[in-house]
Amino acid sequence: MMKYLDLKAINKPYEHAADEVLQSGWYLKGDYTRRFEEAYADYIGTKFCVGCGNGLDALTLIFRAYIEMGVMAPGDEVIVPANTYIASILAVTENRLKPVLVEPALDTLQIDDSRIEAAITPRTRAIMIVHLYGRCAYTSLIGDICRRHHLKLIEDNAQAHGCRFVEDNAQLHDCRFVGYDGVSHRQEAQQLTGSLGSAAAHSFYPTKNLGAFGDAGAVTTDDEDLASTIRAMGNYGSARHYVFDHLGRNSRIDEIQAAILLAKLPHLDADNLRRKEIALLYINVDNPFIRIPQSLRDSVYHIFPVFSPHRDELRQYLADNGVQTEIHYPIPPHKQKCYKEWGTFEFPITERIHAEELSIPCHQALTDEEVTQIISILNAYHHQ
Ligand SMILES: Cc1ncc(COP(=O)(O)O)c(C=O)c1O
């Protein structure tokens, strides 16, 4: 069976980092955490990075801190893509803010920027973009809308560590990667996701492009007040020892995770490039029953999604032929029981993406031979 993701192989070279922490005898709020936060802020291109327990906490703490700072209040609205992982939306509702769901575009799979302005009301305080599947969701129009309407731009960068915003993305839309080498000079000069808005949340869940050996997350921002409020909120509400200015919680990155992430970070760009090489092979899939992403939004290919109206049959066929796959995600947020009040909402594009999406293996431990084999298996598929 070709695994969807071979974490054992990917993580083997970094096991020594965990040992170093065990030898040190220091487990929280230590040198590795400080060094990782500095290195990650430097990599992303922001002034501050605050480590926290996981990606959901990172997102939740951003909104909690804005409420604490008086920038937002319960009942305010946050625009979010309708086709995201549930955590993006949980962070909003947990703060008693109101998520306003906006459809994605079918070609980019990202929030459709042309629909955003119609969703803005006097209570809108922020737009959350989610760089889903590792693709940059930011557009110049979104930045412009935020400036004109004085909205915070929050990035959910759980899936896109190392992804760059390419300003003229729109012009590249129909290229289908043809003639695109993935490492153009123009790209190198561009800003990373996680530094494009007011604040960004990152998840280092083990399956992510930069993955820990357990749960971990971080917030990046240039806003010093926000960074210090988040740091205090994640430390029981305390900025000074045993002095509690906020009703906080405990959400910190631990030294083992920080040491592992610090060891992995220098390899992230190379790992992402390998994912890109694999993606460039996958676009050769040629089968009328399978649609591959048309748009060339820049991506670090956290997930390589393919689409089929016969998704479940295709998934079974691939399993029968030794290829493990995943679905991201089978049920859209507005159809989940936890948000049953949205059950009558209709988001046809979101629903279609959720019904047709299938994620095929795409990670740095795959060999070219394995990718070629997966492509031949995909090409040989026929709808029964
Ligand atoms: C888009 C998105 N947002 C948020 C999260 C939450 O991150 P975590 O699992 O670290 O809480 C995830 C990952 O699981 C995610 O994929």
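Just above sits the structure.
We now turn to the structure provided with this report. What you see is a predicted model, and the numbers here were worked out from it, not measured in a lab.

By nearness alone, every residue bordering the ligand is listed as Asn 54, Gly 55, Leu 56, Tyr 85, Ala 87, Val 130, Asp 156, Ala 158, Gln 159, Ser 203, Lys 208 and Tyr 329. Asp 156 places a polar side-chain atom, nitrogen or oxygen, 2.7 Å from a nitrogen atom of the ligand. At a separation of 2.6 Å, an oxygen atom of the ligand approaches a polar side-chain atom of Ser 203. Out of a free accessible area of 380 Å², the ligand has 90% covered by protein chains. Partitioning the shell around the ligand into residue classes produces six nonpolar, four polar and two charged.

Another aspect to go through is the sheet that holds strand 4 (residues 124-130). The strand order 1-7-6-5-4-2-3 describes an open sheet built from seven strands, whose pairing is mixed. Edge positions in the sheet fall to strand 1 (48-52) and strand 3 (98-102), since each of these pairs with one other strand and no more. Pairs of neighbouring strands in the sheet enclose a mean axial angle of 20°, with direction left out of account. As defined by bridge partners, strand 2 (residues 77-81) adjoins strand 3 across five bridges and the pair is classed as parallel. Paired with Val 78 across the two strands is Pro 99, which belongs to strand 3. Against the sheet, helix 3 (residues 31-44) engages strand 1, strand 6 (199-203) and strand 7 (217-221), with an angle of about 130° to strand 1. Those strands touched by helix 8 (residues 224-233) are strand 1, strand 6 and strand 7, and its axis lies near 15° from that of strand 1.

Put simply, helix 4 (residues 55-68) and helix 5 (residues 86-94) touch, their axes get as near as 8 Å, and they point 35° apart. Where helix 4 crosses over helix 5, the handedness of that crossing is right-handed. Together, Leu 56, Leu 59, Thr 60, Phe 63 and Arg 64 of helix 4 and Ala 87, Ser 88, Leu 90, Ala 91, Val 92 and Glu 94 of helix 5 make up the contact between the two elements.

Turning to helix 8, a few remarks are in order. Residues of helix 8 that are buried include every one of Leu 226, Ala 227, Thr 229, Ile 230, Ala 232 and Met 233, and no others. Lining the buried residues of helix 8 we find strand 1, helix 4, strand 6 and strand 7. Between the side-chain oxygen at the start of helix 8 and the backbone nitrogen of Asp 225 there is a gap of 3.1 Å, and the oxygen is on Asp 223.

The subject of this paragraph is helix 6 (residues 140-149). Ile 142, Gly 143, Ile 145 and Cys 146 are the residues of helix 6 that are buried. Along the axis of helix 6, the buried residues cluster in a sector spanning 160°; they form a single face. In this fold, the buried residues of helix 6 make contact with strand 4 and strand 5 (152-156). At the C-terminal side of helix 6, His 150 shows a positive phi close to 55°.

This part is about the side chain of Asp 112. Turning to its location among the elements, Asp 112 is positioned in the loop between strand 3 and strand 4. Not counting the four nearest positions on each side in its chain, Asp 112 is found in contact with Val 102, Glu 103, Pro 104 and Ala 105.

Attention now goes to the packing of aromatic side chains. The final tally for this structure, using the stated rule, is 13 aromatic pairs. Pairing Tyr 282 with Phe 304 gives two aromatic rings, centres 5.1 Å apart and planes at 50°, and the pair type is tilted. Of the two residues, Tyr 282 is situated in helix 10 (residues 268-282) and Phe 304 in strand 8 (residues 304-307); the sequence distance between them amounts to 22 residues. There is no split in this pair, since Tyr 282 and Phe 304 are both buried. Here Phe 345 and Phe 347 contribute two aromatic rings whose centre-to-centre distance is 6.1 Å and whose plane-to-plane angle is 80°, an arrangement assigned as edge-to-face. Residue classification places Phe 345 among the partly exposed residues on the basis of a relative accessible area of 33%. The exposure class assigned to Phe 347 is buried, which follows from its relative accessible area of 11%. Chaining the aromatic ring pairs together yields one cluster made of Phe 36, Tyr 40, Tyr 43 and Phe 204.

Where charged atoms of side chains with opposite charge meet at close range, the side chains can pair. Applying the stated rule across the entire model yields 19 salt bridges. The salt bridge partner of Asp 57 is Arg 249, with a shortest N-O separation of 2.8 Å. Here Asp 57, found in helix 4, pairs with Arg 249, found in the loop between helix 8 and helix 9 (255-264); they are 192 residues apart in sequence, far enough to count as distant. Accessibility expressed as a relative area gives 21% for Arg 249, which makes it partly exposed. The salt bridge involving Arg 148 is made with Asp 144; its shortest N-O contact spans 3.3 Å. A residue pair is termed a helical-turn pair when its members lie 3 or 4 positions apart in one helix, as Arg 148 and Asp 144 do in helix 6 at four residues.

Another point: the side chain of Thr 33. One can find Thr 33 in helix 3. Not counting residues up to four positions away in its chain, the partners in contact with Thr 33 are Ile 253, Asp 254, Glu 255 and Ala 258.

Bringing a nonpolar patch on the surface into the picture now. There is a patch of nonpolar side chains on the surface, built from Leu 22, Tyr 27 and Leu 28 and spanning about 290 Å² of accessible area. Among the secondary structure elements, Tyr 27 is positioned in the loop between helix 2 (15-24) and helix 3.

Most of strand 7 is tucked away: five of the five residues are buried. Side chains Gly 217, Val 219 and Thr 221 project from strand 7 onto one buried face, and the interleaved Ala 218 and Thr 220 project onto a second face that is buried too. One ladder, built from five bridges, connects strand 1 with strand 7; its direction is antiparallel. Note on strand 7: the bridge partner recorded for Gly 51 is Ala 218. By the bridge criterion, five bridges tie strand 6 to strand 7 in an arrangement that is antiparallel. Paired with His 202 across the two strands is Ala 218, which belongs to strand 7.

Cut-offs used in this document
Sequence order as written defines the numbering, with residues in each chain counted from 1. Local features in a predicted model are, by the rule used here, given only for residues with pLDDT of at least 70; side-chain atom pairs are given and counted only at 80 or more, and totals for whole chains, interfaces and linings are based on all residues. Just so you know, side-chain values use all the structure's heavy atoms and leave hydrogens and water out. Nearness here has a simple test: a residue counts as near a molecule or strand if at least one of its heavy atoms is within 4 Å of that partner. Two N or O atoms count as a polar contact when they lie within 3.5 Å, although within protein this holds only if one can serve as hydrogen donor and the other as acceptor, and sequence-adjacent residues are included solely when both atoms are side-chain atoms. Note on areas: these come from Shrake-Rupley sampling with a 1.4 Å probe, and a residue is covered only by the protein chains present in the view. Gly counts as polar in this scheme, as do all residues outside two lists: the nonpolar Ala, Val, Leu, Ile, Met, Phe, Trp, Tyr, Cys and Pro, and the charged Asp, Glu, Lys and Arg. A pair of strands is considered paired only if DSSP assigns at least 2 bridges between the two. Helix and strand assignments follow DSSP, with helices taken as H or I runs no shorter than four residues and strands as E runs no shorter than two, numbered in order from the N terminus. Whenever a helix is involved, its axis is fitted only over the stretch in contact; in every case the axis is a line through C-alpha atoms, and angles between N-to-C directions fall within 0 to 180 degrees. When checking whether two residues touch, look at their non-hydrogen atoms; a contact exists if any pair is within 4.5 Å. Each crossing gets its handedness from the near helix: less than a right angle anticlockwise from the far helix is left-handed, clockwise is right-handed. Here's how the labels work: a residue is buried when its accessible area is under 20% of the maximum for its type, exposed when over 50%, partly exposed in between, all with a 1.4 Å probe on protein chains only. Relevant arc is that of directions from the helix axis to the C-beta atoms, nothing else. Stacked, edge-to-face and tilted labels apply to pairs of Phe, Tyr and Trp rings (six-membered ring for Trp) whose centres lie within 6.5 Å, assigned for plane angles under 30 degrees, over 60, and everything in between, in that order. Whenever Lys or Arg places a side-chain nitrogen within 4 Å of a carboxyl oxygen from Asp or Glu, that contact is recorded as a salt bridge. Note on patches: the residues involved have over 30% relative accessible area and no salt bridge, like charges join within 9 Å, and the nonpolar side chains Val, Leu, Ile, Met, Phe, Trp and Tyr join within 5 Å.

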